[in-house]
Amino acid sequence: MNSPIKVGVLGARGRMGSEAVRAVDEARDTELVAAINREDGLTGLTDHGAQVAVDLTHPDAVLDNIRFCIEHGIHVVVGTSGLGTPELETVRSWLAERPEVGVLVAPNFAIGAVLSMRFAELAAKFFESVEIIELHHPKKADAPSGTAARTAQVVAQARADAGLGAVPDATTKELDGARGADVEGVRVHSVRMTGLVAHQEVLFGTEGETLTIRHDSYDRRSFMPGVLLSIREVGARPGLTVGLEALLGI
Ligand SMILES: NC(=O)C1=CN([C@@H]2O[C@H](COP(=O)(O)OP(=O)(O)OC[C@H]3O[C@@H](n4cnc5c(N)ncnc54)[C@H](OP(=O)(O)O)[C@@H]3O)[C@@H](O)[C@H]2O)C=CC1
Ligand SMILES: O=C(O)C1=N[C@H](C(=O)O)C[C@H](O)C1
């Protein structure tokens, strides 16, 4: 058997970070060498020879963390949300200096969520209307969720590729926020509610029918197979990869 992959987890005491620490610890082919919290600084990664870092921190911290890892030749799996197109371009520019490093940005590690984004992308060209509702626990820092933003992006691209115009909406008078956020022409509604973990519905409509694609994560363990898969694969994928789709072959 090959030596286990040496892994550092950033945001280690957080909701996701603590699950990731446990998953990395338990897997036979990964070794937890650094469990890093906000006050620790990042040198724990280099001091303990981490080959892969898993970032599960906060949108305000994630870019600095990625930069540190790229500069130090550490592959990074990014679960933290908040990386839009401009931030991803910045990451690409850093990677140009260290082309051997892999950065894998996963808006959602849950297999069902990845599939549901792909299903939404497939459905998009067949429906005139689309809206997204994402529902999360109330301690979530950002809205809309990274998953919803990514879903809106792939749906918008599929609509554009199919030559569809704007989603019909004759609203001319509305209370602020009543129609949700406009993400690349797709309305996204964010619910925050005690009792929820991470959930999303993509609603499609055309004459006489609707289609709803729903995914539910009831427990953060749902994300761990995707986290471990990403850790195993990121080193073999130099450059920037967005989403687990390529790793799953879908
Ligand atoms: N891709 C995916 O499948 C998933 C992604 N996520 C994303 O992961 C991220 C973390 O979520 P979650 O675990 O729920 O959040 P938590 O708030 O539970 O954990 C975040 C951790 O990051 C630390 N942190 C916060 N700010 C900073 C900072 N500026 N510098 C360094 N560390 C910091 C926190 O430290 P402290 O304890 O000191 O506050 C905390 O330990 C979010 O962006 C979330 O959207 C979540 C679930 C699934
Ligand atoms: O904060 C969360 O909890 C989650 N964040 C990610 C996101 O913003 O999409 C993934 C999942 O929805 C859980």
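Residues numbered from 1 in each chain as written. Chains lettered and ligands numbered in written order. Predicted model: local features only at pLDDT ≥ 70, side-chain atom pairs only at ≥ 80, totals over all residues. Heavy atoms only, no water.

Packing of helix 3 (residues 62-71) against helix 4 (residues 85-97) leaves a shortest axis separation of 10 Å and a crossing angle of 15°. What the angle tells us is that helix 3 and helix 4 run roughly parallel. Judged by the sense of rotation from one axis to the other, the crossing of helix 3 with helix 4 is right-handed. Counted together, Leu63, Ile66, Arg67 and Ile70 of helix 3 and Glu87, Val91, Trp94 and Leu95 of helix 4 form the full contact between these two elements. Considering only residue class, the contact of helix 3 with helix 4 consists of six nonpolar, no polar and two charged. (Axes fitted to C-alpha atoms, helices over the stretch in contact; angles between N-to-C directions. Helix = DSSP H or I, 4+ residues; strand = E, 2+ residues; numbered from the N terminus. Parallel < 35°, antiparallel > 145°, perpendicular 65-115°, else oblique. Left-handed = near helix turned anticlockwise from the far one by under 90°. Contact = heavy atoms within 4.5 Å. Nonpolar A, V, L, I, M, F, W, Y, C, P; charged D, E, K, R; others polar.)

What surrounds ligand 1 is a group of 19 residues, the closest being Arg13, Arg15, Met16, Ser81 and Phe109. Between Lys140 and ligand 1, the recorded distance is 2.9 Å, taken from a side-chain N or O atom to an oxygen atom. Among the residues forming the shell around ligand 1, the class breakdown is seven nonpolar, eight polar and four charged. (Near = heavy atom within 4 Å. Polar contact = N/O pair within 3.5 Å; in protein donor to acceptor, adjacent residues only side chain to side chain.)

It is a general feature of regular strands that their side chains alternate between the two faces of the sheet. By the bridge criterion, eight bridges tie strand 6 (residues 129-136) to strand 9 (residues 198-206) in an arrangement that is antiparallel. What sits directly across from Glu134, in strand 9, is Gln200. Relative to strand 8 (residues 186-192), strand 6 is paired through six bridges, and the arrangement is parallel. Residue pairing in the sheet places Ile132 in a bridge with Val188 of strand 8. (Pairing = 2+ DSSP bridges.)

Moving on to the site of ligand 2. Every residue near ligand 2 is listed here: Ser81, Pro107, Asn108, His136, His137, Lys140, Ser145, Gly146, Thr147, Ala198 and Phe223. At a separation of 2.7 Å, an oxygen atom of ligand 2 approaches a polar backbone atom of Gly146. If ligand 2 stood free it would expose 320 Å²; the protein chains cover 85% of that surface. Classifying every residue of the shell around ligand 2 gives three nonpolar, seven polar and one charged. (Areas by Shrake-Rupley, 256 points an atom, 1.4 Å probe, with all protein chains shown as cover.)

UniProt's feature table lists "binding site: (S)-2,3,4,5-tetrahydrodipicolinate" (unreviewed entry) at His137, Gly146 and Thr147, given in the numbering used throughout. Its place among the elements puts His137 in the loop between strand 6 and helix 6 (146-161). Aside from chain neighbours lying at most four places away, what touches His137 is Arg15, Arg192, Met193, Leu196, Val197 and Arg220. Tracing the sequence through the fold places Gly146 in helix 6. For Gly146, a relative accessible area of 18% gives the class buried. Look past the residues within four positions of Gly146 in its chain and what remains in contact with it is Ser81 and Pro107. (UniProt positions renumbered as here; feature names shortened; annotations may be inferred. Buried < 20%, exposed > 50% of the residue type's maximum accessible area, 1.4 Å probe, protein only.)

Right, let's get into the pairing of strand 1 (residues 5-10). Across the six residues that make up strand 1, a large majority, five, are buried. Pairing of strand 1 with strand 2 (residues 30-36) involves six bridges; the strand directions are parallel. The residue of strand 2 that forms the bridge with Lys6 is Glu31. Traced from strand 1 through helix 1 (residues 15-26) to strand 2, the parallel crossover comes out right-handed. As defined by bridge partners, strand 1 adjoins strand 3 (residues 52-55) across four bridges and the pair is classed as parallel. Bridged to Leu10 within strand 3 is Asp55. (Right-handed = clockwise from strand over helix to strand, strands pointing away.)

A few words on the sheet that holds strand 10 (residues 209-217). Taken in spatial order, the five strands of this open sheet run 7-8-6-9-10, and their pairing is mixed. Pairing within the sheet leaves two strands with one partner each, and these edge strands are strand 7 (181-183) and strand 10. Ignoring which end each strand starts from, the neighbouring axes of this sheet average 25° apart. By the bridge criterion, nine bridges tie strand 9 to strand 10 in an arrangement that is antiparallel. If you follow Leu203 over to strand 10, its bridge partner there is Thr212. Running over the sheet, helix 5 (residues 111-123) touches strand 9 and strand 10 and is turned about 165° from strand 10.

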